[in-house]
Amino acid sequence: MKEIDARGLRCPQPIIELGKEVSFMHAGDQVMLHSDDPATEPDLVAWSRMTGNVFDKKSKDSFVITKLSER
Amino acid sequence: MVRITGNFQSESPLHPKAFDVLHAAFESGWADPAKLSQSGAKARQLKNNALESIARALSVGVDSVVPISPTSLGYFLGLQGLFVESSTLIHGATDRKEVFAIAAKNPHHVLKSALDGKLIPENTSAKQSVLALQIANAETGVVQECDAINASTQSERIFLDATTSGIRVPLLDQFSTALFDSKSWYGPAELGILIVKKPSQWSNPLPHLNAAHPNFDVSLPLLLASAVALENFSTEVENADAQARKFNQDLRSAFSRVSDADIAGSLDTTLAHMLSVSFLNCNGEELLRAIESDGFSVDSGSACTADNLQPSHVLAAMGVLTHGNIRITIHPGTTQSDIDGLTDSVIKNVIGLRQ
């Protein structure tokens, strides 16, 4: 699984980096996002709703994102 | 420096009538109303007139009106003053930080927020509960269904946070204390009006020697200006809200055509003069500065604009995007030209920042 290390980056950069990577992925693909920005988790909730994808929190700073939508 | 032609921040200049009265009030209302001198008696009369005017506009008894300063002190006075030893505080996830600070010192239960910003009513079994209920949210303007929440918690002691809703939304019939912010009717900042409707349920939580009617000694000229602002805004609020609703609809329609815009709450369930919108992949601080360079001032709930770099707990509780956020407050003097200019500026800058 590809990983994005966004630790040390502040919002909205982790979500922007995630969006770029997801745009190259296909439905069913996964990517691990590492981010210590306090806005990342709440923004992943909104981002998932807006883009039709899902995420799973693996640890305090790590999230697995699964692409469901082809947008 | 760019000249700001459109103010869409939550703060605004004083109501013009209040501004007029302020100068005169400093001339005639400088004395201590508690003293027996002639000037003191005059100041006392002015203060009583102001309190009666405020009570009339808020439809409460004059004895229940307690002016305080700063407004934030009212959260502690109005809420902590309702506690008995075994009280549990029930409050919303979208309440102000002041309520969270009081909750941190007491047993508490938090009501979650739905995506539309409405709190989800819960049947709690907490005994001796105190309910803190924010009538309208300060960031999004979402108006709560107070009756439903009150019915679900069955709290006998209720603190209403009317600091944002002001006179735009009626109070619940049954409540113990309520807090208003003079700014909500374009009166002076940092002047709060605490209503103690049920004195038998409230005790002054600050150290005090005299248990009689509390007096927190606010500036008399500011109180007079607030009373005048309230009296005048009471006659203007209906027209102001109708105009704001039209402008708000224009803004929502324009922003909803921008890709990946996340608008908090619907116009049907928010205050007509408030709008919070977040744009995916935009930096809130950069967006705010870019809009300001076009001559428009707005607020933002994004983490990058906050002192502590924390995202807005209100947007997070709702599940709304916290970055790229701007908050727009439509004031009575706002014009169609202001709205058109702001709309163009926001859209242009969102597109520019995303590239």
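Our structure's up above, just so we're on the same page.
Below, the structure is looked at part by part. For clarity, every value in this text was computed on a predicted model and none was experimentally measured.

1. A closer look at the interface of chain B and chain A
At step 1: Listed by partner, the interface residues are 17 residues for chain B and 14 residues for chain A.
At step 2: Across the side of chain B that touches chain A, the residue classes break down as 8 nonpolar, 7 polar and 2 charged.

2. Considerations on unusual backbone geometry
At step 1: For the bond running from A:Cys11 to A:Pro12, omega is 5 degrees, close enough to zero to count as cis.
At step 2: Note on placement: A:Pro12 falls in the loop between strand E1 (2–5) and helix H1 (13–23).
At step 3: The step from B:Ser69 to B:Pro70 runs through a cis peptide bond, and the omega angle for that step is 0 degrees.
At step 4: Note that B:Pro70 resides in the loop between strand E2 (65–68) and helix H3 (73–80).
At step 5: Unlike most non-glycine residues, B:Ser59 shows phi in positive territory, near 55 degrees.
At step 6: Examined against the element boundaries, B:Ser59 turns out to sit in the loop between helix H2 (38–58) and E2.
At step 7: Positive phi is not limited to glycine here, since B:Asn281 has a value of about 65 degrees.
At step 8: Along the chain, B:Asn281 falls in the loop between strand E10 (274–279) and helix H7 (284–293).

3. A word on the sheet that holds strand E8 (residues 192–196) of chain B
Residue and element names in this part refer to chain B.
At step 1: The 7 strands lie next to each other as E2-E8-E7-E6-E5-E3-E4, forming an open sheet whose pairing is mixed. Each edge of the open sheet carries a strand with a single partner, namely E2 and strand E4 (108–111). Each adjacent strand pair in this sheet contributes to an overall mean axis angle of 20 degrees, direction not counted.
At step 2: Where strand E7 (residues 177–181) lies against E8, 5 bridges are found, and the strand directions are antiparallel. Across the sheet, residue Thr177 finds its bridge partner in E8, namely Val196.
At step 3: Lying over the sheet, H2 contacts E2, E7 and E8, oriented at roughly 115 degrees with respect to E2.

4. Here we look at the sheet that holds strand E12 (residues 325–329) of chain B
Residue and element names in this part refer to chain B.
At step 1: If you walk across this open sheet you meet the 3 strands as E9-E10-E12, and the pairing is antiparallel. This sheet does not close on itself; its edge strands, each paired only once, are strand E9 (261–263) and E12. Adjacent strand axes in the sheet meet at a mean angle of 25 degrees when their direction is disregarded.

5. Considerations on the nonpolar core
Residues and elements named next belong to chain B.
At step 1: Formed by 108 residues in total, the largest nonpolar core has its most connected members in Leu133, Leu160, Leu224, Ala225 and Ala229.
At step 2: Broken down by element, the residue count for this core peaks at 14 residues, all from helix H6 (residues 220–256).
At step 3: The residue makeup of this core includes at least three contributed by each of domain 1 (16–233) and domain 2 (237–354).
At step 4: Beyond its immediate stretch of four places on either side in the chain, Leu133 contacts Gln144, Cys146, Ile149, Asn150, Ile158, Phe159, Leu160 and Asp161.

6. Considering the environment of B:Lys42
At step 1: With respect to the helices and strands, the residue B:Lys42 is situated in helix H2.
At step 2: When near neighbours in sequence (up to four residues on either side) are disregarded, B:Lys42 contacts B:Ser28 and B:Ala31.

7. Focus: the pairing of E12(B)
Residues and elements named next belong to chain B.
At step 1: Among the 5 residues in E12, 5 count as buried, and that is most of the element.
At step 2: Of the two faces of E12, the one carrying Asn325, Arg327 and Thr329 and the one carrying Ile326 and Ile328 are both buried.
At step 3: As paired strands, E10 and E12 are joined by 5 bridges and run antiparallel to one another. Paired with Ser278 across the two strands is Asn325, which belongs to E12.

8. Describing H1(A)
Residues and elements named next belong to chain A.
At step 1: Looking only at H1, the buried set comprises Pro14, Ile15, Leu18 and Val22. Buried residues along H1 cover an arc of 95 degrees about the axis, so they all sit on one side. Seen from the buried face of H1, the exposed residues on the opposite side, beyond 90 degrees, are Lys20 and Ser23.
At step 2: The inward-facing, buried residues of H1 contact E1, strand E2 (30–34), helix H2 (40–51) and strand E4 (62–66).

9. Re the packing of H7(B) against helix H9 (residues 336–354) of chain B
Residue and element names in this part refer to chain B.
At step 1: Their axes nearest at 9 Å, the elements H7 and H9 cross at an angle of 135 degrees. What the angle tells us is that H7 and H9 run oblique. Viewed along their axes, H7 and H9 form a crossing whose handedness is right-handed. Within the contact between the two elements, H7 uses Glu286, Leu287, Ala290 and Ile291 and H9 uses Ser345, Val346, Asn349, Val350 and Leu353.
At step 2: In the contact of H7 with H9, the residues fall into 6 nonpolar, 2 polar and 1 charged.

Reading the values: rules and limits
- Residues numbered from 1 in each chain as written.
- Chains lettered and ligands numbered in written order.
- Predicted model: local features only at pLDDT ≥ 70, side-chain atom pairs only at ≥ 80, totals over all residues.
- Contact = placed C-beta atoms within 7 Å.
- Nonpolar A, V, L, I, M, F, W, Y, C, P; charged D, E, K, R; others polar.
- Helix = DSSP H or I, 4+ residues; strand = E, 2+ residues; numbered from the N terminus.
- Pairing = 2+ DSSP bridges.
- Axes fitted to C-alpha atoms, helices over the stretch in contact; angles between N-to-C directions.
- Core = buried A, V, L, I, M, F, W, Y, C linked by C-beta atoms within 7 Å.
- Buried ≥ 20, exposed ≤ 12 C-beta atoms within 10 Å, placed from the backbone.
- Domains from an automatic or database assignment.
- Arc of directions from axis to C-beta.
- Parallel < 35°, antiparallel > 145°, perpendicular 65-115°, else oblique.
- Left-handed = near helix turned anticlockwise from the far one by under 90°.

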